[in-house]
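Residues per chain are reported as follows:
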Amino acid sequence: MSVEQQIQSLRNELNQHNYNYYVLDDTTISDFDFDIKLKELQDLEAKHPEFFDANSPTQRVGGEVIKNFETIPHAQRMYSLDNSYSKEDLFDWETRLKKLIDGAIQYTCELKYDGASISLTYEQGVLIKAVTRGDGFQGDNVTANVKTIKSVPLKLKGDYPEKFDIRGEIVLPFDGFNKMNEERVEIGEEPYRNPRNTASGSLKLQDSSEVAKRPLECMLYNLTGSNLGVNSQFDSLESARQWGFKVPKAAKLANSIDEILEFVDYWNVHRHDLPYETDGVVIKVNNLQQQEELGYTAKAPRWAMAYKFKAEQVSTKLNSITYQVGRTGAITPVANLEPVELAGTTVKRASLHNADQIEKLDIRVEDEVYVEKGGEIIPKILGVDLTKRPANSIPTDYITNCPECETELVRQEGEAQHYCPNYNGCKPQIIGRIQHFISRKAMDIEGLGGETVALLVHEGLISNYSDLYELTKEQVIPLERMAEKSAENLIQGVEQSKTIPFERVLYALGIRYVGETVAKKLAKHYKSIDAIAGATGEALVNVDEIGVKIAESVRAFFSSEDNIAIINRLKAFGVQLEISAEQLIGQTELLKGQSIVVSGVFESVSRDELKKLIEDNGGKVSSSISSKTSFIVAGDNMGPSKKTKAESLNILILSEYDFIQKIS
Ligand code: AMP
Ligand code: ZN
């Protein structure tokens, strides 16, 4: 087999696995084997850039950074939908339809996915562009970001039309949404409120490799174009499915309003079993000929109608308000409710978010409150039934002191949340911080779990993470659920963590706003904890991607004597607090302060390797050419517009070989 054939066969195979997994939800390969094959393909493509293909499965990881999204007009306008809320509304609609067209009307009923709408253009079976709805006439070109969504086919199968647009909805399923929020909470960020906004926000991220990390999905529902070879909406869904698109199987034909209502009633209940959000049903006249006759109003097609589900609401009694203290000291008020059935689950608690929210709702203990489960995963309190308020009810005073340690709470200008400032003395903060320290992405201490950490703190055996390194087997054995062997594992796990590289230790320290990526940047830039501790706020802000908020938080962390003492202990125990000699190999400052653009296809290195070389030598990779660009590394097929721009700005263009010479 020639290299080209080998590459092609790997691409086909990986495309098929992606399709099985992301479109059919039916895996036939282990993650491990998939990764091996992907790596194999990446290596071959790197060695043979002449076979580069923008639609190869290797391109799903993203990497393109876009500062301003280009505006692109839609070939056909993306309309909104008219809404209906009742049986009467649907009958009225049918009456209007019957005045405009002759003959029986059949309908396709579909779910209404709640996300961000998108229009995909395919030519010759290849994804050409992806554009957001925008104002309906024109939207943003978000192709680089959409390509990272694995259920969007980059290449089609079967007998597809030469050229068409297909429209759909990009959603963030609940599972992935929850996971993203857990990670945010871990670095002390506010969790995202709902999947829909997070999905549409994701499409506008500038760095497509960040989008690639988000578990977005794309559900398709509408074909546009000419010579599509279909006569009805229902058939077009089936065709799209055959070409490789993700088209949920829920769609059904209905011959009357009553049959539509059966569909609505069924999904009004069963939507709660779906892995993603839906906010209603969309009913479309099935026959495309009839659709054409019906046409559009100023805002929406006459042939389609959304039927919105009512967000389920119940009322129940507020028994008490309690306050939780998070790892960063943030206080979250929680409403404890009289248990009540809502949308298929028993609801006992709801978040009240912060003091402002409580004040706005004027919510009081003993009140009868309305609870809704809508887009948000955690049920929301909408308001109070004032007719049921007891005569002697007392307005809620927000707590002034920490419920755990009694310290007076603080609330910074412009922040919604109250904080307990007792950083080193407040139990939930101490426990949360140590739990973060040992977590998988941080020190990854095997043999030690979150509950044991809580136990160790409560028993007074540890009060900060540096104490872990002094624990002895004898101290641990008497703890609940511990035995000789598990105690040994714990001690060994702690010992092992001394080999964890500096950047992860830095993340493990739990400095507010210093997540994995920021920790990497700081570690790389400063190379040791002492250098970071000594950096001024001004210097920190000058590091790529470090903003004022992060810089202030880092300064605050290192200005605490307690923290410095803990870090000195970690150092003494042999935890990695600087970049190791191995990591430093190949790193220089040769390109310090330079902004470099990479363009085209290369022979001897892959684009990613080239970017890494630039970064390892202290340079910054930038995606667009400007007067600030120091030079361009160009391979074959450098874009003509980039070339003209570079020439007009008089910017040096180097070949990959010139570049490698420059840094060696
Ligand atoms: P609205 O934003 O409430 O006016 O609803 C219109 C939007 O619903 C459209 O722009 C689509 O993005 C979205 N939508 C979700 N599911 C469907 C579907 N099955 N058919 C048509 N539109 C849908
Ligand atoms: Zn406290």
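J.: Looking at this structure, I do not really get the site of ligand 1. What am I missing?
T.: Around ligand 1, the surrounding shell holds 14 residues, and the nearest of these are Ser80, Arg133, Glu169, Tyr221 and Lys284. At 2.4 Å from an oxygen atom of ligand 1 is found a side-chain nitrogen or oxygen belonging to Arg133. Within the side chain of Glu169, a nitrogen or oxygen atom sits 2.5 Å from an oxygen atom of ligand 1. For ligand 1, whose accessible area on its own is 500 Å², the fraction buried by protein is 84%. Of all the secondary structure elements, the ones that give two or more residues to the shell around ligand 1 are β3 (107–113) and β10 (278–285). Among the elements that make up the shell around ligand 1, the one with the highest residue count is β3 (4 residues). Of the residues in the shell around ligand 1, the class split is 6 nonpolar, 2 polar and 6 charged.

J.: How should I be thinking about the environment of Leu44 in this particular structure?
T.: The residue Leu44 is located in helix α2 (residues 31–47) in this model. For the pair Leu44 and Gln6, spaced 38 residues apart in the sequence, the C-alpha separation amounts to 8.7 Å. Residues in contact with Leu44, not counting those within four places in the same chain, are Val3, Gln6, Ile7 and Leu10.

J.: For this particular structure, what's the right way to read unusual backbone geometry?
T.: Among all residues save glycine, negative phi is the norm, and among peptide bonds the norm is trans. Phi angles above zero are rare outside glycine, and Gln124 is one such case at about 50 degrees. By secondary structure assignment, the location of Gln124 is in the loop between β4 (116–123) and β5 (126–132). Backbone geometry at Arg481 places phi at a positive 60 degrees, although glycine is not the residue there.

J.: I would appreciate a short explanation of the packing of helix α1 (residues 3–23) against α2 in the present structure.
T.: Angle between the axes and distance between the axes: these two values describe a pair of packed helices. Packing of α1 against α2 leaves a shortest axis separation of 10 Å and a crossing angle of 145 degrees. Crossing hand, α1 versus α2: left-handed. Contact with α1, carried on its side by Val3, Gln6, Ile7, Leu10, Arg11, Glu13, Leu14, His17 and Asn18, involves Phe34, Lys37, Leu38, Glu40, Leu41, Leu44 and Glu45 of α2 and no other residues of that element. Here the contact of α1 with α2 is built from residues that sort into 8 nonpolar, 3 polar and 5 charged.

J.: Looking at this model, I keep getting lost on the nonpolar core. Mind explaining?
T.: Side chains of nonpolar character tend, in soluble globular proteins, to be buried together. Among the nonpolar cores identified, the biggest contains 58 residues, and Leu468, Leu506 and Leu522 are the most heavily contacted of them. Elements that contribute at least two residues to this core include exactly α12 (427–438), α13 (450–458), α15 (484–496), α16 (502–508), α17 (516–526), α18 (529–534), α20 (548–558) and α21 (561–573). When residues of this core are sorted by domain, at least three fall in each of domain 4 (427–499) and domain 5 (502–584). The next biggest cluster of nonpolar side chains, apart from the first, holds 34 residues, and it includes Val142, Leu172, Cys218 and Ala240.

J.: What is the right way to look at the domain arrangement of the protein in this model?
T.: How big an interface is tends to be stated in terms of accessible area lost as the parts join. As assigned here, the protein comprises domain 1 (3–61), domain 2 (83–308), domain 3 (313–388), domain 4 (427–499), domain 5 (502–584) and domain 6 (595–663). Computed over C-alpha atoms, the centres of domain 3 and domain 4 are 35 Å apart. At the interface, 5 residues of domain 3 touch 5 residues of domain 4. Regarding the contact of domain 3 and domain 4, the summed buried area is about 400 Å², with carbon and sulfur atoms giving 62% of it. Contact with domain 4 buries area across many residues of domain 3, yet Val325, Arg327 and Gly329 alone supply 92% of it, more than any other trio. Inspection of the domain 3/domain 4 interface yields 0 salt bridges. Applying the counting rule to domain 3 against domain 4 returns 0 residue pairs in polar contact (both at pLDDT 80 or more). In the side of domain 3 that touches domain 4, the residues fall into 1 nonpolar, 3 polar and 1 charged.

J.: Which parts of the structure should I look at to understand the pattern of salt bridges?
T.: A side chain with one charge may pair with a side chain of the opposite charge, provided their charged atoms come close. Per the stated rule, a full pass over the model turns up 33 salt bridges. Close ionic contact of Lys155 with Asp53 constitutes a salt bridge, the shortest N to O distance being 2.6 Å. Pair noted here: Lys155 is in the loop between α4 (143–146) and β7 (163–171) and Asp53 is in the loop between α2 and β1 (71–73), with a separation of 102 residues, a long-range link. Judged by relative accessible area, Asp53 falls into the buried class, the value being 18%. Residues Asp362 and Arg389 are paired through a salt bridge, measuring 3.2 Å at the closest nitrogen-oxygen approach. With Asp362 in the loop between α11 (355–361) and β15 (368–373) and Arg389 in the loop between β16 (380–384) and α12, this residue pair connects regions lying 27 residues apart in the sequence. You can call Asp362 partly exposed: its relative accessible area is 31%. Note on Arg389: relative accessible area 19%, which makes it buried. What you see here is one network of salt bridges that share partners, running through Arg11, Glu45, Asp53 and Lys155.

J.: Just to check I follow, could you spell out a negative patch on the surface for this structure?
T.: Together, Glu4, Glu50, Glu603 and Asp636 make up a negatively charged patch on the protein surface. Residue Asp636 is classed as partly exposed on the basis of its relative accessible area of 49%.

J.: Would you mind showing me how to read the sheet that holds strand β20 (residues 652–654) here?
T.: Strands pair in a sheet through their backbones, by hydrogen bonds, and they do so in one of two ways: parallel or antiparallel. Pairing is parallel across the open sheet formed by 4 strands, whose spatial order is β18-β17-β19-β20. Strands with a single pairing partner mark the edges of an open sheet, and in this sheet they are β18 (620–622) and β20. Here the strands of the sheet are splayed against their neighbours by 35 degrees on average, with no regard to which way each runs. In this structure, strand β17 (residues 595–599) lies alongside strand β19 (residues 631–634), joined through 4 bridges in parallel fashion. The residue of β19 that forms the bridge with Val598 is Val633. The sheet contacts of helix α23 (residues 607–616) involve β17, β18 and β19, and relative to β17 the element is tilted by about 170 degrees.

J.: Please clarify how the coordination of the zinc ion (ligand 2) should be interpreted in this entry.
T.: A four-donor tetrahedral metal ideally has 109.5 degree angles, and a six-donor octahedral metal ideally has angles of 90 or 180 degrees. Taken together, the protein donors to the zinc ion (ligand 2) comprise Cys402 (SG), Cys405 (SG), Cys420 (SG) and Cys426 (SG), at separations of 2.2 to 2.4 Å. Coordination at the zinc ion (ligand 2) is tetrahedral: its 4 donor atoms span angles of 99 to 114 degrees at the metal. Between consecutive donor residues of the zinc ion (ligand 2), the sequence gaps follow C-x2-C-x14-C-x5-C. Comparing Cys420 with Cys426, the two get one shared label, buried.

J.: Help me understand the sheet that holds β10 in this model?
T.: Reading across from one edge, β2-β11-β10-β3-β9 is the order of the 5 strands in this open sheet, with mixed pairing throughout. Whereas interior strands pair on both sides, the edge strands pair on one side only; in this sheet they are β2 (83–84) and β9 (252–254). Here 3 bridges tie β3 to β9, and the two strands are oriented antiparallel to one another. Of the residues in β9, the one forming a bridge with Tyr107 is Ala254. This element, helix α8 (residues 233–242), spans β3, β9 and β10 of the sheet and lies at about 55 degrees to β3.

J.: Is there a simple way to explain the environment of Ser623 in this structure?
T.: Following the sequence through the fold, Ser623 ends up in the loop between β18 and β19. Judged by relative accessible area, Ser623 falls into the partly exposed class, the value being 26%. Spatially, the C-alpha atoms of Ser623 and Glu94 are 52 Å apart, while their sequence positions differ by 529 residues. When residues no more than four places from it in sequence are discounted, the contact partners of Ser623 are Val65, Val597 and Lys642.

J.: Just checking my understanding: could you explain the packing of aromatic side chains for this structure?
T.: What describes a pair of aromatic rings is the distance from one ring centre to the other and the angle between the planes of the rings. In the structure shown here, the tally under the stated rule is 18 aromatic pairs. Aromatic side chains Trp93 and Tyr107 sit 5.5 Å apart centroid to centroid with 45 degrees between the ring planes, which places their arrangement in the tilted category. In this pair, Trp93 is assigned in helix α3 (residues 87–100) and Tyr107 in strand β3, connecting sequence segments 14 residues apart. As far as burial versus exposure is concerned, Trp93 and Tyr107 are alike and both buried. Between Phe631 and Phe659, the ring centres sit 6.1 Å apart and the planes meet at 45 degrees, which makes this aromatic pair tilted. Within this pair, whereas Phe631 is found in strand β19, its partner Phe659 is found in helix α25 (residues 656–663), the two being separated by 28 residues in sequence. Accessibility classification places Phe631 together with Phe659 in one group, the buried group. Its guanidinium or amino end placed over the ring of Tyr513, Lys549 lies 4.3 Å from that ring's centre, counting from NZ or CZ.

Calculation notes
Residues numbered from 1 in each chain as written. Chains lettered and ligands numbered in written order. Predicted model: local features only at pLDDT ≥ 70, side-chain atom pairs only at ≥ 80, totals over all residues. Heavy atoms only, no water. Near = heavy atom within 4 Å. Polar contact = N/O pair within 3.5 Å; in protein donor to acceptor, adjacent residues only side chain to side chain. Areas by Shrake-Rupley, 256 points an atom, 1.4 Å probe, with all protein chains shown as cover. Helix = DSSP H or I, 4+ residues; strand = E, 2+ residues; numbered from the N terminus. Nonpolar A, V, L, I, M, F, W, Y, C, P; charged D, E, K, R; others polar. Contact = heavy atoms within 4.5 Å. Axes fitted to C-alpha atoms, helices over the stretch in contact; angles between N-to-C directions. Left-handed = near helix turned anticlockwise from the far one by under 90°. Core = buried A, V, L, I, M, F, W, Y, C linked by side-chain atoms within 4.5 Å. Buried < 20%, exposed > 50% of the residue type's maximum accessible area, 1.4 Å probe, protein only. Domains from an automatic or database assignment. Buried area = accessible area lost by both parts, 1.4 Å probe. Salt bridge = Lys/Arg side-chain N within 4 Å of Asp/Glu carboxyl O. Patch = residues over 30% accessible without salt bridge, like charges linked within 9 Å, V, L, I, M, F, W, Y side chains within 5 Å. Lys, Arg positive; Asp, Glu negative; His and termini not counted. Charge placed at Lys NZ, Arg CZ, Asp CG, Glu CD. Pairing = 2+ DSSP bridges. Donors = N, O, S within 2.8 Å, 3.2 Å for Na, K, Ca; no water. Tetrahedral: all angles 85-135°; square planar, octahedral: opposite > 155°, others 65-115°. Phe/Tyr/Trp six-rings, centres within 6.5 Å; stacked < 30°, edge-to-face > 60°. Lys NZ or Arg CZ within 6 Å of the ring centre and 35° of its normal.

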